[in-house]
Each structure stands twice: as structure tokens, then as C-alpha cells.
Amino acid sequence: MESVWCIRKEAALEPGIAPDTASTGVLAGPATGLSDRFGRRISYLRVSLTEHCNLRCRYCSPERGTPRFARSDHLAPAELDQLLSVFRGLGVRHIRFTGGEPLLYPWLADRIAHARSLGIEKLSVSTNGYLLDRLAPALAEAGLKRINVSLDSLVPERFARITRGGDLNRVLRGVAIARESIAHIKLNVVLLKDENLDEVPTLVDFALAQGFDIQFIETMPLGVAGSASRSQSYASVAEAQSRIGRSHALVASASAADDGPARRFHVAGHASKIGFISPISENFCAGCNRVRLTSTGRLVYCLGQENGVDLLGPLRAGWAPEALADLIRDKVWHEKPERHTFNDAPERAAPVYMMRLGG
């Protein structure tokens, strides 16, 4: 953590300064960059471009479908670009575009190109893969080099059941087209004890054969769907790792500073990385380096909690980039929690919709 501190002395009425801290000399955290009071440097921003999705996965969406979110108060593309510029100035090095399903967002390629123009070192997109066959070339041309594709089963009937109607062959076709122009492809597998735990070794073999990375994720109690999925279908990453270990010797791999929370391994003779994300069984909050921006312009500090700050209002009120940066820096410093509460207070995560935060 930096030893230089910012003491606010601005007038109380200056845009971007909260009345209770503007003239009181309150310590507001590091003068540059983005950190929290627990010593964590924030360098990773996940941006949810839309809440809408063309699938209704069991662990993400209620069976009746996703709620209808108001569209009138969403960030316009130019407004999102302004916020991305602010976050870049705060030291963000990795931006992941998510949803809902981000490939439904009509201006995705333009946002990728803008982020690339800002000098963001790592850009990635999380997708269900349904539209990759049409959009992968354009995304690659815009500068995208990394995608994460949800692939919870290689059995068509299972895939359809988990996604409530999804077509596995369409996703595989999209991935095959994407690999022609996008260098880094990672498969995301949400572990479901009653559906795909027995398929873990097959999924690993598929990833190794194709040269893809793969990561296994414990289901989380987010929203009605996530809460039900955890109570009915939870499987730990330790169970997945044990099954893989029966046929492959896993060797621990180092992670970059701005990577996500996965513990990574590789298999001798293969370049592919095998990751495990364990929000329930092995808390990784001490190394959290990310915050999340919703499509409505709300900055959320933790996946498992609703607390956050509205950035759309100040942006439309004409706040200068420096004032927005001050607000973000101050709020993250004072309000980002030390950890999620999935285990001891799951009710705090229950109101959070995965398709609104992007996982």
C-alpha cells in the first residue's frame, strides 16, 4: 500500500466532494491508484454491459426468466467510455466485459476498441458463446484477444437441461470459429453435483485437446436461482480436483497480479491452464483486486453484497473526471468489505442477480 495519503481540502460545494468530507480533512486513502483499507490494490474492473441473456441457466436465472430491468437509466456508450477512462486513470489494468450476455450489447466491439485505445493491458469478454459464430471476427478486429466461454457440459441433453434450452452444437461452432482469430480461450464450468461433476475429467480432456484453458467454479447463492442451485447442487472444487487427479498430475502454476481468483495448475506436456475458483469452500477475499460496474452505472464493491455507489447521476450532472475519480477512490477505500458473506450471511447475497453483476 502507498504511504502517501490524500487529505481533502476542497470546498464543500465543489462537484464530486461529499459534504461530510469536503472540508474536514478526512483521510481518503492513497492519493493515486485505487485501494481499499485492507491493503488490497484494485486493478481489475468487471463491466456488465446488459442484464439480458439468451439463455436461462439454472444457477443464474429463475426458471420463469430474468426480471425486466428498466432500460431508460442505463449508461449510454459514450458515458461508459468516460467511466472507463476514469478507471484507467485510477490504475485499472484488466477490464472484463460481461452481462447478462455481453454479445447482445450492440456496441461491444466499439467499447473494446475504446478500452484498447486507453492502453488497458488486458481485455477479456465472458460469454455463453451463442453469438460467437457471427461476432468473433469483429471482436478480434476491435482488439479482443481473450474470451471466457461458459461450457457446463459436453452432453447435448445435459447442456440443454442446465441452460434450459441451449444448443451445445451452436456454442461449440462459435468456439471453433473464435479460435481462428482470438488467441486465448478459456472455458468456464460451474460445478453442479447432480449434473456435471462426473463429467469433469471429460471436460478437462476436451480443453487439453483443443489447447483451451479451463476453470471450475463453485455455484454461489446469488439471487433466487443461485440460492436454489447451491442448496440442491453444490459441489466443491476439491471434488473436481480429486477427479482430475485420477488421470492427470496437476502442477501448480503462478498467476499474474491482475488475474482473477482462480488457483491455477497445468498438466505436463500441455500449455492449457486448469483453474479452480472456490468462493464457498476456500475463501479468497484477502486477494480481491476487483470491483464491478453495472450497466446502470452503479459501482459494486463485492459480488456477494449489494452495497455500492451510483456513478451515472454524477456523470450526467457534469462532474469532471477528477471529481469522479475522487468519488470512486473514496468510496472503495471506505466501503469495499473485507470479504463476502456467502457462508455466514447468505441472505445478503440473495437479492443480487448474477445477470446484473456479471459474475
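The shown structure was predicted, so the numbers you read here are calculated from the model rather than taken from an experiment.

Asks: Lay out the sheet that holds strand β3 (residues 44–48) in plain terms, naming residues and giving numbers.
Replies: Overall, mixed pairing links the 12 strands, which are arranged β9-β10-β11-β8-β7-β6-β5-β4-β3-β12-β13-β14 in an open sheet. Among the strands making up the open sheet, the edge pair consists of β9 (250–253) and β14 (308–310). Between one strand axis and the next, the sheet turns by 25° as a mean value, whatever way the strands run. Packing against the sheet, helix α10 (residues 321–335) makes contact with β12 (290–293), β13 (298–300) and β14, and its axis sits at approximately 160° to β14.

Asks: Give a description of the pattern of salt bridges that names residues and reports values.
Replies: Counted according to the given criterion, the structure contains 13 salt bridges. Between Arg-173 and Asp-133 there is a salt bridge; the shortest N-O distance is 3.3 Å. Highlighted residues: Arg-173 in helix α5 (residues 168–178) and Asp-133 in helix α3 (residues 132–142), separated in sequence by 40 residues. When its relative accessible area of 42% is taken as the criterion, Arg-173 is described as partly exposed. Between Glu-335 and Lys-331 there is a salt bridge, with the nearest N and O atoms lying 3.1 Å from each other. Within this pair, Glu-335 and its partner Lys-331 are both found in helix α10, separated by 4 residues, close to a single helical turn. Sharing partners across several salt bridges, the network here consists of Arg-58, Arg-161, Asp-194 and Glu-195.

Asks: Can you explain the pairing of β3? Please cite residues and give values.
Replies: The buried fraction of β3 amounts to 5 of the 5 residues, a majority that puts the element mostly inside the structure. As paired elements, β3 and strand β4 (residues 94–98) share 5 bridges and run parallel to each other. In the sheet register, Leu-45 faces β4, and the bridge partner there is Ile-95. Across 4 bridges, β3 lies against β12 in parallel orientation. Opposite Tyr-44, over in β12, you have Arg-290 as the bridge partner.

What counts, and where the lines are drawn
- Residues numbered from 1 in each chain as written.
- Predicted model: local features only at pLDDT ≥ 70, side-chain atom pairs only at ≥ 80, totals over all residues.
- Heavy atoms only, no water.
- Pairing = 2+ DSSP bridges.
- Helix = DSSP H or I, 4+ residues; strand = E, 2+ residues; numbered from the N terminus.
- Axes fitted to C-alpha atoms, helices over the stretch in contact; angles between N-to-C directions.
- Contact = heavy atoms within 4.5 Å.
- Salt bridge = Lys/Arg side-chain N within 4 Å of Asp/Glu carboxyl O.
- Buried < 20%, exposed > 50% of the residue type's maximum accessible area, 1.4 Å probe, protein only.

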